[in-house]
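The primary structure of each chain is shown beneath.
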Amino acid sequence: MSTSIPMHETIGVAFTVNGMSFSTDVEPRRSLSDVIREEAGLTGTHLGCEHGVCGACTILLDGEPVRSCLMLAPQAEGTEITTIEGLADGDQLHPIQQAMHEAHGFQCAFCSPGFLMSTLALLERNPHPTRDEIRQELSGNLCRCTGYETILNGVETAVRLMNGGSGE
Ligand code: FES
Ligand code: FES
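Engineer: Please give an account of the overall build of the protein chain that cites residues and values.
Structural biologist: Helix and strand counts for the protein chain come out as five helices and five strands. When the elements of the protein chain are put in sequence order from the N terminus, they spell out β-β-α-β-β-β-α-α-α-α. If one aligns the C-alpha atoms of the protein chain with their principal axes, the spans along those axes are about 65 × 30 × 25 Å. Taking all 168 residues of the protein chain together, the buried fraction comes to 43%. In the protein chain, once contacts between residues fewer than 6 apart in sequence are set aside, the share between residues at least 24 apart is 54%. As displayed, the protein chain has an accessible area near 8900 Å², and 49% of this comes from carbon and sulfur atoms. Distance between charge centroids for the protein chain: 9 Å, based on 9 positive and 22 negative side chains.

Engineer: I'd like a description of unusual backbone geometry, backed by residues and values.
Structural biologist: The phi dihedral of D62 is positive, around 50 degrees, even though this residue is not glycine. Structurally, D62 can be placed in the loop between β3 (58-61) and β4 (64-67). A relative accessible area of 49% means that D62 is categorised as partly exposed. In this structure, A109 is a non-glycine residue whose phi angle is positive, near 75 degrees. Its relative accessible area of 28% is what places A109 among the partly exposed residues.

Engineer: Go over the pattern of salt bridges, please, and point to the residues and values.
Structural biologist: For the structure shown, the criterion picks out seven salt bridges. A salt bridge links R30 to E39, with the shortest nitrogen-to-oxygen separation between them at 3.2 Å. With a shortest N-O distance of 2.8 Å, E137 and R125 are connected by a salt bridge. Separated by twelve residues along the polypeptide, E137 in helix α4 (residues 131-137) and R125 in helix α3 (residues 112-125) bring together distant segments of the chain. Several salt bridges share partner residues, and in doing so they unite R131, R135, E149 and E156 into one network.

Engineer: Provide a residue-level description of α3, including the pertinent values.
Structural biologist: With 14 residues, α3 should reach 20 Å at 1.5 Å per residue; the first-to-last C-alpha distance of 20 Å fits that figure. Of all 14 residues in α3, twelve are buried, a share of seventy percent or more. For α3, every residue scored as buried is listed here: S112, P113, G114, F115, L116, M117, S118, T119, L120, A121, L122 and L123. Packing partners of the buried residues in α3 comprise β3, β4, β5 (80-82), α2 (95-102), α4 and α5 (149-162).

Conventions used here
Residues numbered from 1 in each chain as written. Chains lettered and ligands numbered in written order. Predicted model: local features only at pLDDT ≥ 70, side-chain atom pairs only at ≥ 80, totals over all residues. Heavy atoms only, no water. Helix = DSSP H or I, 4+ residues; strand = E, 2+ residues; numbered from the N terminus. Buried < 20%, exposed > 50% of the residue type's maximum accessible area, 1.4 Å probe, protein only. Contact = heavy atoms within 4.5 Å. Areas by Shrake-Rupley, 256 points an atom, 1.4 Å probe, with all protein chains shown as cover. Lys, Arg positive; Asp, Glu negative; His and termini not counted. Charge placed at Lys NZ, Arg CZ, Asp CG, Glu CD. Salt bridge = Lys/Arg side-chain N within 4 Å of Asp/Glu carboxyl O. Expected span 1.5 Å × (residues − 1).

Encoded structure:
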């Protein structure tokens, strides 16, 4: 007897997002990015290509950067998720956000959430990356506007801010 779930039926999924418990019923085929945006209301996670190429939908899942458009929502059961909305502390920007602001790291900013989440994952693993290491880590995130140099400058500014220095 088959144990598969018909696509029109829903199943429960529960995870933590930005420190808050979240649960909902979803069709098994729903992407995690859609559930984050449409069910949890966290629209800061952007959707560009929706097939794993652009990185705009990057979130942290149990501390690791993942493309939420490539995950099915039920796969997130029991995990801890951080989205771009989880970075700032009230009105206080996260140092990575402050750094990108100071370095003029974005233009239209559509790509920003993905870049910031990838940067957070990098700096938590390696607080002092070289510019080449930053370039390599962020090579899976695409930006149509900046030419990337100001984004790299922003990450280097974030490194200084997060290690107690100034943004200059
Ligand atoms: Fe997920 Fe482009 S929207 S990688
Ligand atoms: Fe526009 Fe990156 S700033 S896509």
